[in-house]
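Below, each chain spelled out in residue letters.
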Amino acid sequence: MKGFKNQPVENGVEDMLHSSDSGLRLFTVKLNSLAAPVDTVGGRWSHAAPASVRNFSATAYYFGRELRRVLGVPVGLIVTSWGGSSCEAWMRADWLKPFPSAKIPKTQADVKSKNQTPTVLYNGMLHPLAGYTMRGVIWYQGEANVKNHATYADMLTAMIRGWRGEWGQGDFPFYYCQIAPYQYYGKNNSAFLREQQAKAVGMSANTGMAVLMDAGLRYGIHPRKKNLAGLRLALLALDKTYKVEGLTSESPRYKAVTFRGDTAVVTFSHADMGMYGRDGLTSKCFEVAGEDRVFHPAKVWIRRNEVYVKSDAVAHPVAVRYAFKNWADGDMFCAGLPLGSFRTDDWDE
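As the structure is a prediction and not an experimental result, all values here were calculated from the model. Along each chain, numbering runs from 1 in the same order as the chain's sequence is written. Reporting of local features is limited, given that this is a predicted model, to residues whose pLDDT is at least 70; pairs of side-chain atoms are given and counted only at 80 or more, and all residues count toward the totals for whole chains, interfaces and linings. For the side-chain quantities, the full set of heavy atoms in the structure was used; hydrogens and water were omitted.

A. A look at the packing of helix 5 (residues 152-167) against helix 6 (residues 191-201). Contact pair helix 5 / helix 6: the axes reach a minimum separation of 8 Å and the direction vectors enclose 45°. When the axes of helix 5 and helix 6 are compared, the pair comes out oblique. Between helix 5 and helix 6 lies a crossing whose hand is right-handed. Contacts from Tyr152, Ala153, Leu156 and Thr157 in helix 5 reach Leu193, Gln196, Gln197, Lys199 and Ala200 in helix 6. Nonpolar residues are Ala, Val, Leu, Ile, Met, Phe, Trp, Tyr, Cys and Pro. Charged residues are Asp, Glu, Lys and Arg, and all others, Gly as well, are polar. Class assignment for the residues of the contact of helix 5 with helix 6 results in 5 nonpolar, 3 polar and 1 charged. Each axis is a line fitted through C-alpha atoms, and for a helix only the stretch in contact is used; angles between axes span 0 to 180 degrees, taken between their N-to-C directions. Secondary structure elements follow DSSP: runs of H or I of four or more residues count as helices, runs of E of two or more count as strands, with numbering from the N terminus. Each angle gets one of four labels, with under 35 degrees taken as roughly parallel, over 145 as roughly antiparallel, 65 to 115 as roughly perpendicular, and the rest as oblique. Note on convention: near helix rotated counterclockwise from far helix by under a right angle means a left-handed crossing. Clockwise means right-handed. Throughout, a residue-residue contact means that at least one pair of heavy atoms, one from each residue, lies within 4.5 Å.

The following block contains the structure:
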């Protein structure tokens, strides 16, 4: 909640000031990167107060605060995390067998990266928690896997399956954030990782994804709007797990596209209330391409849950992309929730 240097949390000071709540209990697992599993973790429980909230995960705090406000019951949050960690660091060696690029360390000397080497954070920070009674999991990770995004949906699915097996509590809820836009350096396009995260929703039961296309920070890997991340995760939990009626918790999703001459018509699921843009019934984030696979900015107009897209530079479009870049300020919504980046093509990067 205190943010990072030059990257504060939006409204963080005021929210910490009013954070005291004896019914919201917090536990942060101490960092521990190991080549072999252990059975204990460092850390201690404390109730929410400015001093404890200051160094606690902002996304987790806002999530827990919303549950407290709506449900009116005590809430305990255990945060086990390491900034910049890879997905494979949180997995057991046998879960990683389908991923030959994951090199498992045999000794501590083989641990080349404390937060990205496969298995090391599972061993030191997750294995000791296995079986602890809980209601579900929230997950915010992915940036470290942008460079090897192609297997992410399969890997995340394997991790979820592995965690559920470890806990032995059935298919407990697993809600996660799609990574927010950021201007990554080099040739990596994080939209491909976001695409993998969207794909993973349909690969495991009892999961949900909070979209953050409107909550990124172009030149900061730590976006300020952590309250939106926590709120949208809470919406998923309150709707799907706690069955609070009247909530909309899932963002609209790309469904299909048809091409009518020079215009593409895109339709969406989870869009019963109709699509809309930040600045009216339009958007600045769409592009279209013809057979030459060169994308051009498009004109957009919206009718209910259909989005019409065209460009004067493309006489016969064959593909549409929305915010499919490292950095984009997502501007399409339905019922207050943003549309995730997507593409209708399957072309190579």
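That shown, we press on.
B. Local environment of the pairing of strand 13 (residues 306-310). Summary of the burial criterion: residues with accessible area below 20% of their type's maximum are buried, those above 50% are exposed, and those between are partly exposed, where the area comes from a 1.4 Å probe applied to protein chains only. Most of strand 13 is tucked away, with 4 of its 5 residues classed as buried. Strands are treated as partners if at least two bridges between them are detected by DSSP. One ladder, built from 5 bridges, connects strand 8 (residues 263-269) with strand 13; its direction is antiparallel. Bridging across to strand 13, Val266 finds its partner in Val307. Relative to strand 13, strand 12 (residues 299-303) runs antiparallel, the two being bridged by 5 bridges. Bridge pairing links Trp301 to Tyr308 in strand 13. Counted between consecutive antiparallel strands, the loop separating strand 12 from strand 13 contains 2 residues, among which Arg304 sits at a positive phi close to 55°.

C. The packing of aromatic side chains, seen in detail. Only Phe, Tyr and Trp rings take part, Trp by its six-membered ring, and two of them pair if their centres are within 6.5 Å. Stacked means planes under 30 degrees apart, edge-to-face means over 60, and tilted covers everything else. Within this structure, the stated rule accounts for 18 aromatic pairs. Summarising the aromatic geometry, the rings of Trp139 and Trp163 are spaced 5.6 Å apart at their centres and angled 85° between planes, so their arrangement reads as edge-to-face. With Trp139 in strand 4 (residues 137-139) and Trp163 in helix 5, this pair connects stretches of sequence that are 24 residues apart. With relative accessibility at 6%, the residue Trp139 sits in the buried group.

D. Here's a closer look at the pairing of strand 7 (residues 253-260). Bridging between strand 7 and strand 8 involves 7 bridges; their strand directions are antiparallel. Considered in strand 8, the bridge of Arg253 is made with Ser269. The hairpin turn running from strand 7 into strand 8, its antiparallel successor, is 2 residues long, and Gly261 in that turn takes a positive phi close to 65°.

E. The arrangement of the environment of Phe56 in detail. Here Phe56 is to be found in the loop between helix 2 (50-54) and helix 3 (58-71). If sequence neighbours within four positions are ignored, Phe56 has contacts with Met1, Leu26, Phe27, Thr28, Tyr61, Leu77 and Val79.

F. Main features of the environment of Lys103. As for its position among the elements, Lys103 is in the loop between strand 3 (75-79) and helix 4 (120-126). Overall, the relative accessible area of 60% leaves Lys103 in the exposed class. Each C-alpha atom of the pair Lys103 and Ser20 lies 44 Å from the other, and the pair is 83 residues apart in sequence. Reaching out from Lys103, the side chain makes a polar contact with the backbone oxygen of Pro100 at a distance of 3.3 Å. Polar contacts here mean pairs of N or O atoms no more than 3.5 Å apart (in protein, one a potential hydrogen donor and the other a potential acceptor; neighbouring residues in sequence count only if both atoms are side-chain atoms).

G. Looking closely at the side chain of Arg65. Looking at where Arg65 falls in the secondary structure, it is placed in helix 3. Assessed through its relative accessible area of 17%, Arg65 is described here as buried. For Arg65, the contacting residues outside a window of four places in its chain are Asp15 and Leu24.

H. Structural context of the nonpolar core. Throughout, nonpolar core names a set of buried Ala, Val, Leu, Ile, Met, Phe, Trp, Tyr and Cys residues whose side chains join them through atoms within 4.5 Å. One finds Trp90, Trp139, Trp163, Phe174 and Phe286 to be the most contacted residues of the largest nonpolar core, which totals 65 residues. Top element by residues in this core is helix 5. It accounts for 9 residues. Those residues within four positions of Trp90 in sequence are excluded, and the remaining contacts are Thr80, Ser81, Trp82, Ser85, Trp95, Leu121, Tyr122, Met125, Leu126, Trp139, Met159 and Trp163. In this structure, Met1, Val53, Leu67 and Tyr175 belong to the second largest nonpolar core, which totals 30 residues.

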